[in-house]
Every structure is written in structure tokens, then in C-alpha cells.
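A look at the structure
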Amino acid sequence: MANRCHPLVFLVLVTILLSIYRSEQLQSSQSQTLLRIQQLLNFPAALRNWNNSTDFCSTDSNSSLTVECYEDTITQLHIIGERRAPLLPGNFSIDSLVTTLVRLPSLKVLTLVSLGIWGPLPSKIGRLSSLEIVNVSSNSLYGSIPPELSSLSNLQTLILDNNMFAGKLPDWLDTLPALTVLSLKNNLLNGSLPNSLGNLENLRILSLSHNHFYGVVPDLSRLTNLQVLELDDNAFGPQFPRLGKKLVALVLRNNRFRSGIPAELSSYYQLERLDISSNTFVGPFQPALLSLPSISYMNISGNKLTGMLFENLSCNSELDVVDLSSNLLTGSLPRCLLSNSSDRIVLYARNCLEKANQNQNPPPFCHNEALAVGILPDRKKHKQVSKVVLSLGIVGGALGGVALVLLIFFIVRRGNAKSKMKNPPTRLISENAASGYTSKLLSDARYISQTKKFGAVGLPTYRSFSLEDIQAATNNFDTASLVGEDSYGQMYRGQLKNGTFVLIRCVKMKRRYSTQNFMHHIELISKLRHRHLVSALGHCFECSLDDSSVSRIFLVFEYVSNGTLRSWISDGHARKSLSWTQRIGAAIEVAKGIQFLHTGIVPGVYSNDLKIEDVLLDQNLVAKISSYNLPLLSNMGKVRHGSSSNGLKNSSINIRVKHEDKSDMYDFGVILLELILGRAIKSTNDADAFKDLLQASIVADDEARRRIVDVEVRKTCLDQSLKTMMEICVRCLVKEPADRPSIEDVLWNLQFAAQVQDAWRGDSFSNSHSSEGSPPASPQRLAFL
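Calculation criteria
- Residues numbered from 1 in each chain as written.
- Predicted model: local features only at pLDDT ≥ 70, side-chain atom pairs only at ≥ 80, totals over all residues.
- Heavy atoms only, no water.
- Buried < 20%, exposed > 50% of the residue type's maximum accessible area, 1.4 Å probe, protein only.
- Helix = DSSP H or I, 4+ residues; strand = E, 2+ residues; numbered from the N terminus.
- Arc of directions from axis to C-beta.
- Disulfide = S-S within 2.5 Å.
- Pairing = 2+ DSSP bridges.
- Salt bridge = Lys/Arg side-chain N within 4 Å of Asp/Glu carboxyl O.
- Axes fitted to C-alpha atoms, helices over the stretch in contact; angles between N-to-C directions.
- Parallel < 35°, antiparallel > 145°, perpendicular 65-115°, else oblique.
- Left-handed = near helix turned anticlockwise from the far one by under 90°.
- Contact = heavy atoms within 4.5 Å.
- 1 Å grid on protein atoms, 1.4 Å probe; cavity = no way out; pocket = protein on both sides within 12 Å on 5 of 7 lines; lining within 4 Å.
- Points joined across faces, edges and corners; volume = space filled by probe spheres on them.
- Nonpolar A, V, L, I, M, F, W, Y, C, P; charged D, E, K, R; others polar.
- Core = buried A, V, L, I, M, F, W, Y, C linked by side-chain atoms within 4.5 Å.
- Expected span 1.5 Å × (residues − 1).
- Lys, Arg positive; Asp, Glu negative; His and termini not counted.
- Polar contact = N/O pair within 3.5 Å; in protein donor to acceptor, adjacent residues only side chain to side chain.
- pLDDT = per-residue confidence, 0-100.

Turning next to helix α2 (residues 94-101). Among the residues of α2, Ile94, Leu97, Val98, Thr100 and Leu101 are the ones counted as buried. Looking straight down α2, one finds that the buried residues subtend no more than 160° of arc, so they occupy a single side.

Let us look at the state of the cysteines. Scanning all chains against the criterion turns up 2 disulfides. Sulfur-sulfur distance for the disulfide between cysteine 57 and cysteine 69 comes to 2.0 Å. Between cysteine 57 and cysteine 69, the S-S dihedral sits near -85°, and the bridge is therefore left-handed. With cysteine 57 in the loop between α1 (2-40) and β1 (65-70) and cysteine 69 in strand β1, this pair connects stretches of sequence that are 12 residues apart.

Let's shift gears to the sheet that holds strand β6 (residues 140-143). Where strands meet in a sheet, backbone hydrogen bonds hold them as pairs that are either parallel or antiparallel. The strand order β4-β6-β8-β10-β12-β14 describes an open sheet built from 6 strands, whose pairing is parallel. Edge positions in the sheet fall to β4 (118-120) and β14 (235-236), since each of these pairs with one other strand and no more. Here 3 bridges tie β4 to β6, and the two strands are oriented parallel to one another. Looking at the pairing, tryptophan 118 lines up with serine 140 of β6.

Further remarks concern the pattern of salt bridges. For the structure shown, the criterion picks out 18 salt bridges. Residue aspartate 275 pairs with arginine 253 through a salt bridge whose shortest N-O separation is 2.9 Å. Here arginine 253 lies in the loop between β15 (249-251) and β16 (273-275) and aspartate 275 lies in strand β16, a separation of 22 residues in the sequence. When salt bridges with common partners are traced through the structure, they connect Asp232, Arg253 and Asp275 into a single cluster.

Looking now at the packing of helix α11 (residues 684-698) against helix α13 (residues 719-732). It is the contact of α11 with α13, at a shortest axis distance of 10 Å, that shows an interaxial angle of 135°. In terms of their interaxial angle, α11 and α13 are classed as oblique. α13 is crossed by α11, and the crossing has left-handed handedness. Note on element contacts: α13 touches α11 through Lys723, Met726, Glu727, Cys729 and Val730, opposite Lys691, Leu694, Gln695, Ser697 and Ile698.

Side chains on a regular strand alternate between the two faces of the sheet. Of the two faces of strand β10 (residues 188-191), only one is covered, namely that formed by Leu189 and Gly191; the face formed by Leu188 and Asn190 stays uncovered. Where strand β8 (residues 164-168) lies against β10, 3 bridges are found, and the strand directions are parallel. Bridge assignment links lysine 168 to a residue of β10, and that residue is asparagine 190. Direction of pairing for β10 relative to strand β12 (residues 212-215): parallel, over a ladder of 2 bridges. Bridging from a neighbouring strand, asparagine 190 pairs with histidine 212 of β12.

To continue, consider the layout of surface pockets. Any space left empty among the atoms is revealed by the rolling of a water-sized probe across them. Put simply, the second largest pocket is a space of about 1300 Å³. Forming the walls of the second largest pocket are 44 residues, and the residues nearest its centre are Glu82, Arg83, Ser683, Thr684 and Asn685. Contributing elements (two or more residues each) for the lining of the second largest pocket: α10 (661-677) and α11. Top contributing element to the lining of the second largest pocket by residue count: α10, with 5 residues. The class makeup of the residues in the lining of the second largest pocket is 21 nonpolar, 11 polar and 12 charged.

Attention now goes to the nonpolar core. Ranked by size, the top nonpolar core spans 94 residues in total, and within it Leu77, Ile117, Leu250, Phe285, Leu324 and Leu337 carry the most contacts. Listed by contribution, the elements that provide at least two residues to this core are α1, β1, β2 (73-80), α2, β3 (109-113) and α3 (335-338). For leucine 250, the residues in contact, after removing those within four places along its chain, are Leu229, Phe240, Leu243, Leu265, Leu271, Arg273, Leu274 and Asp275. Core analysis: the second largest hydrophobic core is formed by 77 residues, Ile525, Phe557, Leu578 and Leu617 among them.

Quick look at unusual backbone geometry now. Proline 238 follows glycine 237 through a cis peptide bond whose omega is 0°. Relative to the helices and strands, proline 238 resides in the loop between β14 and β15. Look at asparagine 42: it is not a glycine, yet its phi comes out positive at around 65°. Locating asparagine 42 in the fold gives a position in the loop between α1 and β1.

Once that is clear, we can look at α13. When the terminal C-alpha atoms of α13 are compared, their 20 Å separation across 14 residues agrees well with the 20 Å that a helix rising 1.5 Å per residue should span. Most of α13 is tucked away: 11 of the 14 residues are buried. Regarding α13, the residues found buried are Asp719, Ser721, Leu722, Thr724, Met725, Met726, Glu727, Ile728, Cys729, Val730 and Cys732.

A word on the side chain of glutamine 595. Structurally, the position occupied by glutamine 595 is in helix α9 (residues 580-599). Relative accessible area serves as the criterion here: at 16%, glutamine 595 is assigned to the buried category. The residues touching glutamine 595, leaving out its near neighbours within four places in the chain, are Gly600, Ile743, Glu744 and Leu747.

In this fold, aspartate 710 is placed in the loop between α12 (702-708) and α13. Sequence separation between aspartate 710 and glutamate 674 is 36 residues; the distance between their C-alpha atoms is 9.0 Å. Beyond its immediate chain neighbours, meaning those up to four positions away, aspartate 710 contacts Ile569, Arg583, Ile676, Leu677 and Gly678.

Locating aspartate 618 in the fold gives a position in the loop between β30 (615-617) and β31 (623-625). For the buried aspartate 618, no salt bridge exists, and the shortest N-O distance to an oppositely charged side chain is 4.8 Å, to lysine 624. In this structure the side chain of aspartate 618 is engaged in a polar contact, spanning 2.9 Å, whose partner is the backbone nitrogen of asparagine 620. Looking at aspartate 618, its side chain comes within polar contact range of the main-chain nitrogen of valine 622, at 2.8 Å. Aside from chain neighbours lying at most four places away, what touches aspartate 618 is Val560, Asn562 and Lys624.

Okay, the confidence of the model for the chain next. Scored by pLDDT, the chain has a mean of 79; 75% of the residues are at 70 or more. With pLDDT under 50 throughout, residues 18-25 is counted as low confidence; its partners more than four residues away or in other chains account for 1 contact. Long-range and interchain partners of residues 408-454, a stretch whose pLDDT sits below 50, account for 71 contacts in this model, where long-range means more than four residues apart.

Next up on the list: the environment of asparagine 279. Among the structural elements, asparagine 279 can be located in the loop between β16 and β17 (282-284). The sequence separation of asparagine 279 and phenylalanine 257 amounts to 22 residues, and the corresponding C-alpha distance is 5.5 Å. Those residues within four positions of asparagine 279 in sequence are excluded, and the remaining contacts are Leu252, Arg253, Asn254, Asn255, Arg256, Phe257, Gly302 and Asn303. Here leucine 252 takes part through its backbone oxygen, which lies 3.0 Å from a polar atom of the side chain of asparagine 279.

Right, let's get into the packing of α9 against α10. Where α9 contacts α10, the axes come no closer than 11 Å and their chain directions differ by 170°. Compared by their axis directions, α9 and α10 come out roughly antiparallel. Taken together, the residues of α10 that come into contact with α9 (itself represented by Trp580, Arg583, Ala587, Val590, Ala591, Ile594 and His598) are Asp661, Asp664, Phe668, Ile671, Leu672, Leu675 and Ile676. For the contact of α9 with α10, a count of residues per class yields 10 nonpolar, 1 polar and 3 charged.

Printed below as a string of C-alpha cells:
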């Protein structure tokens with residue numbers, strides 16, 4: 001009996017051994033496949049530790065790399081590179097990469113993000129039949145979306161964002177019945193959307209933002225599970241799309257919709273985010289939208305919506321941002337929008353509201369625009385005309401006939417008189433920002449307090465220039481005066497008749513507008529004047545001879561010629577190196593410029609992308625920010641800017657969102673870092689590394705701190721002053737925006753660092769770097785650190 005068991009035992013052993021052997025072979029094959037992928041991707045940082053001895057199914061996961069296995073078979077591969085990774089070398093082959101991936105037949109999840117992959121997505125991707133999730137965003141893939149993807153019947157998520165895919169959206173998408181997420185943001189796709197999109201009944205997220213789609217949005221009402229629809233920055237329209245009622249986010253911003261808003265939108269009870277701005281929606285705005293139970297963000301700005309608001313309307317207490325601006329709303333702003341105003345952002349300028357703090361359109365404009373969109377005055381129903389009224393009508397008609405004859409006679413005589421006068425010629429004109437417009441119409445930009453006005457002391461009065469003034473200043477636009485050029489126009493260095501040197505920014509209009517279209521923005525620019533900003537001195541409109549529309553705008557700015565702050569710090573010119581006291585002074589001046597941008601006008605100017613090369617020094621070494629968001633031509637497209645030629649960025653005034661000011665604080669921290677270290681900071685990685693170095697030195701001793709400071713100032717900075725500057729810098733560079741200090745706190749502590757340094761040196765700080773109106777600094781103010 002025992003002898004009969006031996007063959008069975010032997011068979012079991014052989015089976016186990018074969019299983020182990022096959023498993024080892026499989027693991028070896030998969031390992032070689034992953035190492036080949038490492039090679040094809042040019043050994044990215046996320047795969048740096050892979051080698052022949054790596055047990056891939058047992059590696060620790062992190063934010064950049066995850067390998068998941070099931071029964072020793074790889075089922076998930078996530079590789080995420082560094083942001084803005086450079087393209088892979090010219091010998092890279094995406095066909096070889098996909099061919100290698102096909103050797104992982106059990107792969108269900110594939111994530112290859114920010115790895116510099118380029119080329120058309122090969123049809124071989126269809127061989128990975130087990131795929132459920134594909135994310136190849138933030139690469140440089142181009143060409144059309146391959147039809148072979150339709151064979152991936154298990155596909156649930158397809159993310160191709162931030163590539164260069166082109167062509168039309170394929171109509172075979174409904175062959176992917178399990179698809180729940182389709183995201184194709186920031187590509188070059190075009191054409192109209194296929195009707196088959198409305199058959200994806202399991203779809204939860206559809207994001208097609210920033211492409212070139214156009215036309216009517218297909219019927220999506222059958223997508224009963226759809227929660228997020230993002231169609232912004234395309235050319236969809238004109239009809240509002242038909243949608244399901246489970247939407248959580250609906251973004252239709254910057255398209256060509258020009259219909260009314262459907263009534264059923266007010267029954268979207270799960271809606272949290274609604275953005276239909278920058279279209280031409282007409283008809284009544286539904287106040288019930290303000291009280292949707294889940295709504296927290298609403299932007300309907302830049303349309304032609306009408307309707308009357310009332311003070312006693314109700315709204316959701318969780319509503320954080322409301323932008324009603326640039327419509328034709330009448331009545332009074334609801335009181336509920338003004339409650340908790342410190343936490344809620346409410347914009348309603350350029351409407352027709354009564355008793356509004358923010359600038360409203362004048363009554364004639366409101367009346368004419370309302371007529372233009374078909375909103376006519378209410379007409380009472382006609383009653384049966386009595387005989388008496390009929391008689392009066394006959395008499396009135398007779399009298400009217402006589403009056404008409406007299407009127408015709410008067411017009412003929414007036415016309416003959418006019419024909420004797422010489423018609424004035426059409427000519428180029430310049431428009432004065434202050435003339436012909438009431439202060440109420442142009443009151444969006446106003447100073448917060450009398451103290452802020454002191455920043456403009458010493459600047460010449462803002463004025464309107466004639467075209468002759470501009471031509472004379474530039475020697476009739478001589479090429480010798482040209483200092484820069486881009487697709488929007490030229491920048492010239494000029495000299496006014498009084499000898500003042502200026503920088504003249506010439507902006508060509510791609511479309512023709514009247515001067516009235518620009519006066520609001522010109523008024524805002526005229527308010528952005530401060531000692532520590534490169535400020536506008538005036539403007540000139542050049543108008544067409546044909547229709548008097550604006551063909552060019554000339555903006556005249558201060559000319560600051562003493563180099564950039566970087567050239568005085570980290571460009572290796574020892575003769576131009578600033579002392580420690582001067583560096584603190586420059587930091588204070590930049591901070592004052594930022595403070596003015598944030599609080600000097602309403603609404604504030606935020607997210608200015610500040611860089612040290614955009615800070616210029618005048619002949620007295622006074623620092624001026626030369627590049628900031630300039631509210632101009634928001635309807636015309638954005639004006640590019642130069643980094644060190646007094647070029648200024650253009651931006652419409654954006655919605656004020658939480659912690660928006662803190663992005664400027666991070667940029668200011670990078671500037672402080674360069675002032676302390678005396679070396680150029682060229683990337684976020686550099687900033688993070690040096691921030692950690694500063695943080696470690698703060699808790700070390702004086703000698704350790706001085707070792708990392710710029711050698712030019714190492715021996716002259718007092719330790720307490722240096723330590724304070726380092727602490728400010730580190731706090732500005734923290735990752736979480738809410739944890740960064742306010743500009744007011746930064747100013748207090750910079751002034752403390754300056755006063756400590758001056759007390760030690762025994763000299764004064766009353767030269768050009770002194771802070772006008774500065775409050776006395778105090779060590780207690782350092783509590784924020």
C-alpha cells in the first residue's frame with residue numbers, strides 16, 4: 001500500500017516544483033521587462049533604485065512609483081516624473097515602449113505621467129486587453145487618439161491631459177461601456193462632439209477643457225451618473241447643453257453660449273461649482289441658484305443676464321465665491337451675500353444695481369443694452385377702445401399730421417444750413433482718462449487709506465498724451481529707440497519734451513473697439529502708482545480714420561535704467577554688489593510694492609509671478625517692481641511682458657480666492673533667498689533645497705549661519721539681523737499657502753532686521769531705502785515665526 005503512494009507523492013512534488021519554476025521564470029521575465037522600461041525612459045529619478053536584484057512585487061510605494069502584484073504577476077504600474085520633465089532623447093521610441101509594456105499582459109492600471117514621452121500613441125496599446133485605467137498625462141504625445149483603444153472593453157478611466165493630441169473626438173467611445181472618467185484637457189483636439197458621447201451611461205467625469213472643440217454639445221441628459229462636466233475654453237454653443245441632475249461641478253466658461261439658462265438648473269441640488277462666465281448668455285438670472293443646498297462657487301460674469309434682485313433673497317451660507325459682474329442685473333444686492341463678508345468673495349460691478357458699492361453701468365447703457373438683448377418695457381394689455389378715445393385719437397392724428405409737416409420743413413432748412421459749413425476731417429485722436437466719465441463709473445480702483453497715497457509722492461501726474469507727443473519722444477518710432485518686440489507690438493525707449501526718459505509700450509488691437517471700451521482699464525492703470533512700482537505716466541489712443549475705433553494704445557511708463565536687483569546681487573559684478581543694509585532696504589521696498597498691489601486698490605492685484613530679475617533699481621538704488629498683473633485689455637487677449645525692460649503683464653482682475661495673496665509671498669521668499677545667499681535660484685527644487693539649508697542653520701550657531709551667506713556681506717551682517725531675515729525667508733517658502741505670513745507681518749520683521757543692523761553699525765537708515773511712514777519695529781512682532 002505504501003509503495004502505491006510513492007507515484008502520487010512524486011507527482012505532487014513535480015507539480016510544486018514546476019509551479020515554482022514557472023513563477024521564477026515569470027518573475028524573471030517581468031523583472032527584465034521593468035528594467036527595459038527603465039532604460040527606455042532614460043532612467044528617470046523615480047526608477048533610480050531599480051536593478052537586477054530588485055524584488056519588484058515587494059518594493060515600497062511612494063508618490064512617484066508604485067508597482068502592485070497579484071499572485072506574483074504585475075497588475076499596476078505607476079511612474080510619475082518631475083513636473084515639466086524635458087523630452088526624452090531623440091533616439092527614444094514610443095513604439096518600443098508600448099511593445100515592452102505588452103509583455104505585462106495582466107496589467108490593469110498604467111500611469112506614465114510627466115516623463116517626457118513623445119510621439120504618436122501606437123496602435124499596439126490595444127493589445128493590453130486587461131487595462132482598466134490609463135493615465136499618460138503631461139507628456140508630449142501627439143497625433144490622433146488611436147482607434148485600437150476601443151478594444152479595451154474593461155477600460156474605466158482614460159486620462160490624456162496636457163499633451164498635443166489633435167483631430168476629432170472619435171465616435172467609437174460608446175464601445176467602452178465601463179468608462180467612468182474621460183479627461184482630455186489641454187490638447188489640440190477640434191471639431192464637434194459625437195452624439196455617441198451621450199451613450200456612456202456610466203460616465204462620472206467628462207473634462208474637455210482647453211481644446212478647440214466647437215458647435216452644439218450633444219444631449220448628455222442620459223448620463224445620469226455624470227458629476228463633473230468641464231468644457232471651458234472651447235467654442236461650444238449656442239444652446240445650453242442638456243444635462244442630468246446629479247452634477248457636482250459644471251464649468252462652461254469662455255465659450256460661445258448665447259441662449260438662456262434653463263429653469264431646471266435651479267433643481268440641481270448636488271451642484272457645488274457653477275461657472276458659466278465669459279459667454280453671451282441672455283434672459284433672466286434665476287436667484288434660486290444662490291440658495292442651492294450644495295452651492296459654494298458661482299461665476300456668471302461676462303454675460304448679458306437680466307432680472308431683478310431683492311435685498312431679502314436667501315442664499316446658501318456655504319457660498320464662498322459669487323461673481324455676478326458684467327451683466328444687466330437690476331434691483332438691490334441681496335443682504336445674504338454681504339453677511340460674513342470677510343470670508344465670502346462677492347463681485348457685482350458693471351451691472352445696473354441700485355445703492356451698490358461696486359461700480360455700476362450708467363442708466364443709458366443699461367437701457368440700451370436691455371433693448372439690444374430683447375428686454376423691452378412692460379406693456380399693459382390693450383383695453384377696448386371707447387368711442388371717446390377713438391375721437392381723441394382722430395383729433396390727435398390730425399394735429400400730428402400738421403406737426404409732421406412743420407418738422408419736415410424745419411429739418412430741410414437745418415440741412416441746408418449745415419451744408420454751408422465745412423465738414424471737419426477725420427483724424428487721429430487721444431482720449432483723456434479723466435474727461436467725460438463720472439467718478440462713480442470709474443470707481444472700481446480706489447485707494448484704501450490716505451497712507452497708501454503717500455507711495456505715489458514724487459511721481460508726475462498721470463496724463464493723456466497726443467500721438468504727436470509719442471512720435472516726438474521716439475523720434476518717429478526710430479528703430480534705434482526700439483528695445484523689445486513681440487506679437488502684440490513694440491516697446492520703445494523715449495524722451496519727453498521735459499527731458500524725462502520713458503518706456504512706451506505700443507499695443508496693437510487685433511479687433512476694433514471704441515475708446516469707451518478701454519476707459520475703465522485706463523482708470524485702473526492710472527491708480528496703480530507707487531514709489532516701488534514701475535508706474536504708468538499716461539496713455540495715448542490712436543484711432544482709425546475710417547470708424548474712429550482704437551487701432552493702437554500707447555502706454556507710457558517710467559524708465560528705470562540702473563539694472564535689475566539680480567545684477568546687483570548674483571551676477572558676479574563685485575563692483576555692483578549691495579551691502580547687507582542695502583539688501584534689507586531693497587527687500588523692504590519690494591515688500592511695500594507688493595503691499596500696495598494687494599491692498600492699495602480694490603480689487604487687489606494678486607498672483608504677480610514676481611522674480612528678482614523683474615525688480616529694477618533706479619539711480620538712487622530704490623527698488624521698483626517692473627512686472628505685475630496689469631488690468632488692461634481683458635477683452636482683447638493678454639499682453640506679454642518683458643522680464644527686465646519695464647514690461648508689464650496684462651491680466652483681467654481675477655476673482656479673489658482664498659490665499660491668492662500667498663503665491664506672491666512664496667515668490668518674495670525666493671527673492672529673499674537670493675539676497676541672503678548671493679546666488680541665482682533657478683528652479684523650485686533649488687528654492688526647496690536652500691530653504692532646508694536655511695532652516696537647519698537657524699537652529700545652529702552664528703558661525704554655521706555665516707558659512708552659507710553671500711561672501712560679499714558675510715562679515716558685515718549682525719547675527720540677529722541675519723537670523724531674522726532667514727526666518728522670514730523660510731516662512732515665506734513653506735508649502736502650504738495658508739501657513740505663509742502676510743505681507744504686513746513680513747514688513748514689520750524686515751524693518752526690525754534693518755533697525756537691529758543699524759543700531760549695531762551706529763549709522764542711520766534714512767537714505768533712499770528708508771521706509772516712509774514705517775511703524776516702529778518690535779521683537780514681539782516675530783511671534784509669527
